[in-house]
Amino acid sequence: MAISSSSATAKGVVVTVPVLVLSAAAAAVFLFFLLSSLSSTPPPCSCPSPVTSIPSGERTSETTVAREGSGRLGDRISPSVEDIGWMKEQIEANGLHMHENVLRKGINPRTRAEQLRDLIAFKGISHYEGDESNNHTALPCPGELLVEEHHSNYGEPWAGGRDVFEFLAKSVHLAPDARVLEIGCGTLRVGLHFIRYLNSGNFHCLERDELSLMAAFRYELPSQGLLHKRPLIVKGDDMEFSKFGDGVYDLIYASAVFLHMPDKLVWVGLERLVDKLKPYDGRIFVSHNMKFCSRLGGDECTKRLNELGLEYLGKHTHDSLLFNHYEIWFEFRRSKA
């Protein structure tokens, strides 16, 4: 019985010659096709060109878009967590700390008033005299603008303009080919960021204050290298928008402007703006408060907006990147085509 069992086991592992031949043939065929697939040139692909990967939460529609004529992804609208972390690491790596800004080697702190006085008295360290003084500066700028006195015209730091831009641009998923109208752009504290981001000619503004406009044209646009963007900035104080043409806007906003205007003029402006706002997708944002509406009472306010073809969408707040501050915004859209 033991021998019989051993014979049965041996029979279980016997492989006949025909089976070996078939196995070798199959292996040869498999190897042939494998080598062919590796050596042959793949056919051209008709799929879209690859796009640089964008981290989650920083999609193109919200924070990154192609620059005008660049054919590549542009700067993000807002800094990422990684960006802020990198900045903090650089400060720590260099052992930097805030100190009192006092006279020290190579640095002579001056107030704006002192800068202006020195500029008038000494014209800077080196300067041209006589007839030569008019031959080397294409756009002579008033001293008051050169020392940036106009940056102190606001109730908050100049840097807050960037916060407003980031909030509004992300709220409407702004693209560079969008059209934007600011009511009361002042010295371009906010507008500079829109002008830089948008395609040429796509930022428009209505502003009443002449000194603010001079600061915008004579200092901010040239010093920021943005003259080539050709923003349409119009002087006016009556909510008259006829000079802006017949096009519609993706975004219309007023930052701390309507609270300084009579309610009647605000409503006149809104009536004129409705047809200039892209239906449904376009947005109007008004900051700080909407007393021009709330003073009428809730039902009357809603009725008045509906008559104009506007719909109130809600209240929003946004924080500041650089200082402890938040701003309130009220959002509207055009509800009829």
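Criteria and cut-off values
Residues numbered from 1 in each chain as written. Predicted model: local features only at pLDDT ≥ 70, side-chain atom pairs only at ≥ 80, totals over all residues. Heavy atoms only, no water. Helix = DSSP H or I, 4+ residues; strand = E, 2+ residues; numbered from the N terminus. Buried < 20%, exposed > 50% of the residue type's maximum accessible area, 1.4 Å probe, protein only. Areas by Shrake-Rupley, 256 points an atom, 1.4 Å probe, with all protein chains shown as cover. Disulfide = S-S within 2.5 Å. Patch = residues over 30% accessible without salt bridge, like charges linked within 9 Å, V, L, I, M, F, W, Y side chains within 5 Å. Salt bridge = Lys/Arg side-chain N within 4 Å of Asp/Glu carboxyl O. Pairing = 2+ DSSP bridges. Axes fitted to C-alpha atoms, helices over the stretch in contact; angles between N-to-C directions. Contact = heavy atoms within 4.5 Å. Polar contact = N/O pair within 3.5 Å; in protein donor to acceptor, adjacent residues only side chain to side chain. Expected span 1.5 Å × (residues − 1). Bend = angle between axes of the 7 residues up to and from the residue. Right-handed = clockwise from strand over helix to strand, strands pointing away. Nonpolar A, V, L, I, M, F, W, Y, C, P; charged D, E, K, R; others polar. pLDDT = per-residue confidence, 0-100.

Asks: Run through the overall build of the chain, naming residues and quoting values.
Replies: A count of helices and strands for the chain gives 11 helices and 9 strands. Within the chain, buried positions represent 33% of all 337 residues. Of the accessible surface of the chain, which amounts to about 21400 Å², a share of 57% is contributed by carbon and sulfur atoms.

Asks: Describe the state of the cysteines, with residues and values.
Replies: Under the definition given, this model contains 2 disulfides. A sulfur-sulfur distance of 2.0 Å marks the disulfide that ties C185 to C205. Judged by the torsion about the S-S bond (-90 degrees), the C185/C205 disulfide is left-handed. One end of the pair, C185, is in the loop between strand 3 (180–183) and helix 7 (191–197); the other, C205, is in strand 4 (residues 203–207), and 20 residues separate them in sequence.

Asks: Any details on a nonpolar patch on the surface? Residues and values, ideally.
Replies: Together, W86, M87, I91 and L96 give the surface a local cluster of nonpolar side chains, amounting to about 410 Å² of exposed area. Judged by its relative accessible area of 37%, M87 falls in the partly exposed class.

Asks: A description of the sheet that holds strand 6 (residues 251–254) should follow, citing residues and the corresponding values.
Replies: The strands making up a sheet associate through backbone hydrogen bonding, with each pair oriented either parallel or antiparallel. The mixed open sheet is built from 7 strands, whose spatial order is 5-4-3-6-7-9-8. A strand with exactly one partner marks an edge of an open sheet, and here the two such strands are strand 5 (232–235) and strand 8 (310–319). Averaged over all pairs of adjacent strands, the angle between their axes in this sheet comes to 20 degrees, without regard to strand direction. Sheet strands touched by helix 6 (residues 160–171): strand 6, strand 7 (283–287), strand 8 and strand 9 (326–334). Its angle to strand 8, the strand with the most contacts, is close to 135 degrees.

Asks: An account of the side chain of S287 is needed here, citing residue identities and associated values.
Replies: Structurally, the position occupied by S287 is in strand 7. Of note is the side chain of S287, whose polar atom sits 2.5 Å from the backbone nitrogen of A256. A polar atom in the side chain of S287 sits 2.7 Å from the side chain of H288.

Asks: Mind laying out helix 6, listing which residues take part and the relevant values?
Replies: Under the 1.5 Å per step criterion, the end-to-end length of helix 6 is 17 Å for 12 residues, consistent within 8% with the ideal 16 Å. Counting buried residues in helix 6 gives 9 out of 12 residues, a clear majority hidden from the surface. Once helix 6 finishes, H173 follows within two positions and takes phi at roughly 50 degrees, a positive value.

Asks: Got a sec to walk through helix 8 (residues 210–223)? Specific residues and values, please.
Replies: Along an α-helix, a turn takes 3.6 residues, which lines up residues three or four apart on a common side. Taking 1.5 Å per residue, 14 residues should reach 20 Å; helix 8 reaches 19 Å between its end C-alpha atoms and fits that length. The largest bend along helix 8 reaches roughly 35 degrees and is located at A216. All of the buried residues along helix 8 are S212, L213, A215, A216, Y219, E220 and L221. Packing partners of the buried residues in helix 8 comprise helix 5 (143–146), helix 7, strand 4 and strand 5. Looking one or two residues beyond helix 8, the residue adopting positive phi is G225, at roughly 65 degrees.

Asks: Pulling in residues and values, what's your account of the pairing of strand 5?
Replies: In terms of strand pairing, strand 4 meets strand 5 through 4 bridges, oriented parallel. Each residue of the ladder has a partner; that of E207, found in strand 5, is K235. Handedness of the crossover joining strand 4 and strand 5 through helix 8: right-handed.

Asks: Please provide a residue-by-residue account of the side chain of S78, values included.
Replies: Mapped onto the elements, S78 comes out in the loop between strand 2 (73–76) and helix 3 (81–93). Side chain to side chain, S78 and E166 meet in a polar contact 3.1 Å long. Of the polar contacts made by the side chain of S78, one reaches the side chain of K170; its length is 2.9 Å. In this view, S78 contacts E166 and K170; residues no more than four positions away in its chain are not counted.

Asks: Which residues make up the packing of helix 9 (residues 263–273) against helix 11 (residues 298–308), and what values do they have?
Replies: The interhelical angle for the contact between helix 9 and helix 11, taken along N-to-C directions, is 35 degrees, at an axis separation of 9 Å. For the pair helix 9 and helix 11, the contacting residues are W267, L270 and E271 in the first and C301, R304, L305 and L308 in the second. Counted by class, the contact of helix 9 with helix 11 contains 5 nonpolar, no polar and 2 charged residues.

Asks: Before we move on, could you go through unusual backbone geometry and cite the residues and values that matter?
Replies: We note that L188 has phi near 75 degrees; this positive angle belongs to a residue other than glycine. Relative to the helices and strands, L188 is located in the loop between strand 3 and helix 7. According to the relative accessible area criterion, L188 is buried, its value standing at 0%. Even without a glycine there, the phi angle at Y280 is positive, about 70 degrees.

Asks: I'd like to hear about the confidence of the model for the chain, residue by residue, with values.
Replies: Mean pLDDT for the chain: 80, with 77% of residues reaching 70 or above. Low pLDDT, under 50, characterises residues 1–13; the predicted model gives this stretch 0 contacts beyond four residues in sequence or across chains. Contacts for the low-pLDDT stretch residues 34–73, under 50 throughout, to residues beyond four places or in other chains number 46 contacts.

Asks: Quick one: what's the story with the pattern of salt bridges, residue by residue and with numbers?
Replies: Applying the stated criterion across every chain, the model contains 10 salt bridges. Residues E166 and R162 are paired through a salt bridge, measuring 3.0 Å at the closest nitrogen-oxygen approach. One end of the pair, E166, and the other, R162, are both in helix 6, 4 residues apart, so they sit about a helical turn from each other. Its relative accessible area of 28% is what places R162 among the partly exposed residues. Between E311 and R333 there is a salt bridge; the shortest N-O distance is 2.9 Å. Of this pair, E311 sits in strand 8 while R333 sits in strand 9, and the two are 22 residues apart along the sequence. A relative accessible area of 26% places R333 in the partly exposed class.

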